[in-house]
Amino acid sequence: MSRLYSQSFSCGGCGAALEMGIVASINADRRPDLRQAVLDDSYQRGRCEACGKDFRVQPDLTYVDAGRGQWILVRPAERLAEWAPTEELAQQAFERGYGEEAAVDARELGAAMQSRLAFGWAAFREKLLCAEHGLDDVALELTKLAVMRAVEDMPLGDDMELRLTAATTDALELTWALSGGDLALESIAVPRKLYDEIAKDKGKGWVEARAELSGGAYVDVNRILVPAEEEA
């Protein structure tokens with residue numbers, strides 16, 4: 001089931017007291033509307049009635065979609081540096097719910113699911129887009145690395161991330177945006193052929209990067225780019 005609770009906080013614009021229903025767990029099989037709200041970027045958004053400032057509460061939840069084989073632990077974007085210890089927590093949570101520590105029925109579901117970790121709405125939405133368009137997320141992250149190697153004057157920075165924002169049969173749209181925010185700076189149309197070639201390439205060209213990206217639940221180029229902190 002999907003679990004909701006009420007959270008109180010202050011408006012970042014005027015300081016007014018605000019309250020919103022926050023999701024702690026999404027079961028997309030039972031609540032496909034919540035999955036769609038993540039995909040269309042409308043979930044956990046609001047507007048302060050006092051000053052009119054728009055806001056979005058950062059995600060801190062678990063997501064289950066047995067039909068698409070997805071289990072995702074999602075944390076706020078500002079906790080990205082904690083990816084290594086959080087990855088351990090994610091694996092432990094998956095094992096309790098769908099792994100060796102779970103009931104037989106749950107283990108059967110878990111055998112067909114991938115456990116993943118994401119930080120922020122854009123990274124979370126990207127995982128759902130991968131399932132929507134039949135993309136392997138390891139190959140997608142390798143494609144990002146290929147783009148970073150080839151493109152000059154990239155808007156790199158500690159607060160920047162490159163995310164999949166759309167996909168067609170011919171191209172993948174990758175967008176540079178501020179981490180954890182809604183400000184998109186630049187989009188790149190990457191030929192789908194590049195992704196297909198990388199997805200099929202099991203040779204020496206990507207072997208080290210592929211192994212590193214596949215090292216746990218955190219399948220993201222930031223696994224390579226962002227130094228991990230030791231404590232969650």
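This structure is a prediction, so every number in the text was calculated from the model and none was measured.

Reading across from one edge, β1-β2-β5-β6-β7 is the order of the five strands in this open sheet, with mixed pairing throughout. Edge positions in the sheet fall to β1 (3-10) and β7 (114-119), since each of these pairs with one other strand and no more. Taken pair by pair, the neighbouring strands of this sheet meet at an average axis angle of 25°, ignoring direction. Looking at chain direction, strand β2 (residues 17-27) and strand β5 (residues 61-65) are connected through three bridges and run parallel. Pairing of Ser-25 across the sheet is with Thr-62, part of β5. Across the face of the sheet, helix α4 (residues 121-133) comes into contact with β5, β6 (70-75) and β7 while running at roughly 170° to β6.

Turning our eyes to something else, we now look at helix α5 (residues 137-150). In a regular helix each residue adds 1.5 Å, so 14 residues correspond to 20 Å; α5 covers 20 Å between its end C-alpha atoms and thus fits that length. Burial of α5 is extensive: twelve of the 14 residues sit out of reach of the surface. Where α5 begins, the capping side chain belongs to Asp-136, and its oxygen is found 3.3 Å from the backbone nitrogen of Val-138.

Attention shifts here to the nonpolar core. Grouped together as the largest cluster of nonpolar side chains are 44 residues, with contacts concentrated most on Leu-61, Tyr-63, Phe-124 and Leu-142. Of all hydrophobic cores here, the second largest spans 16 residues; its members include Trp-71, Ala-90, Ala-102 and Leu-117.

The next thing to look at is the packing of aromatic side chains. The way to describe two aromatic rings as a pair is by their centre distance and the angle between their planes. Applying the stated rule across the entire model yields eight aromatic pairs. Ring plane angle 75° and centroid distance 5.4 Å describe the contact between Phe-9 and Phe-55, whose orientation is recorded as edge-to-face. Of this pair, Phe-9 sits in strand β1 while Phe-55 sits in strand β4 (residues 54-56), placing them 46 residues apart in sequence. Taken together, Tyr-43, Tyr-63, Trp-121 and Phe-124 form an aromatic cluster joined through their ring pairs. Taking the ring centre of Trp-121 as reference, the NZ or CZ of Arg-56 above it sits at 4.1 Å.

Right, let's talk about the environment of Asp-41 for a bit. Residue placement: Asp-41 occurs in the loop between α1 (32-39) and β3 (45-47). The partly exposed category is assigned to Asp-41, whose relative accessible area is 30%. Note: C-alpha distance between Asp-41 and Glu-87 (46 residues apart in sequence) is 25 Å. Aside from chain neighbours lying at most four places away, what touches Asp-41 is Arg-56 and Arg-125. Looking at Asp-41, its side chain comes within polar contact range of the side chain of Arg-56, at 3.4 Å.

The complete set of buried residues in α1 reads Leu-34, Arg-35, Ala-37, Val-38 and Leu-39. Tucked into the core, α1 has its buried residues touching β2, β5 and α4. Just past α1, the residue Asp-41 takes up positive phi, approximately 65°.

What follows deals with the pairing of strand β8 (residues 160-167). With six of eight residues buried, β8 is to be regarded as a mostly interior element. Of the pairings in the sheet, the one linking β8 to strand β9 (residues 171-178) comprises seven bridges and is antiparallel in character. Note that in β9 the partner of Ala-167 across the bridge is Leu-172. The antiparallel hairpin formed by β8 and β9 contains three residues in its connecting segment.

For the rest of this paragraph, the subject is the sheet that holds β9. Pairing in this open sheet of three strands is antiparallel, and the strands run β8-β9-β10 from one edge to the other. Whereas interior strands pair on both sides, the edge strands pair on one side only; in this sheet they are β8 and β10 (184-191). With direction set aside, neighbouring strand axes in the sheet form an average angle of 25°. Strand direction decides the pairing type here: β9 and β10, joined by seven bridges, are antiparallel. Across the sheet, residue Ala-171 finds its bridge partner in β10, namely Pro-191.

Rules and cut-offs
- Residues numbered from 1 in each chain as written.
- Predicted model: local features only at pLDDT ≥ 70, side-chain atom pairs only at ≥ 80, totals over all residues.
- Heavy atoms only, no water.
- Pairing = 2+ DSSP bridges.
- Helix = DSSP H or I, 4+ residues; strand = E, 2+ residues; numbered from the N terminus.
- Axes fitted to C-alpha atoms, helices over the stretch in contact; angles between N-to-C directions.
- Contact = heavy atoms within 4.5 Å.
- Expected span 1.5 Å × (residues − 1).
- Buried < 20%, exposed > 50% of the residue type's maximum accessible area, 1.4 Å probe, protein only.
- Polar contact = N/O pair within 3.5 Å; in protein donor to acceptor, adjacent residues only side chain to side chain.
- Core = buried A, V, L, I, M, F, W, Y, C linked by side-chain atoms within 4.5 Å.
- Phe/Tyr/Trp six-rings, centres within 6.5 Å; stacked < 30°, edge-to-face > 60°.
- Lys NZ or Arg CZ within 6 Å of the ring centre and 35° of its normal.

Functional significance is not addressed by these values, which are geometric in nature.
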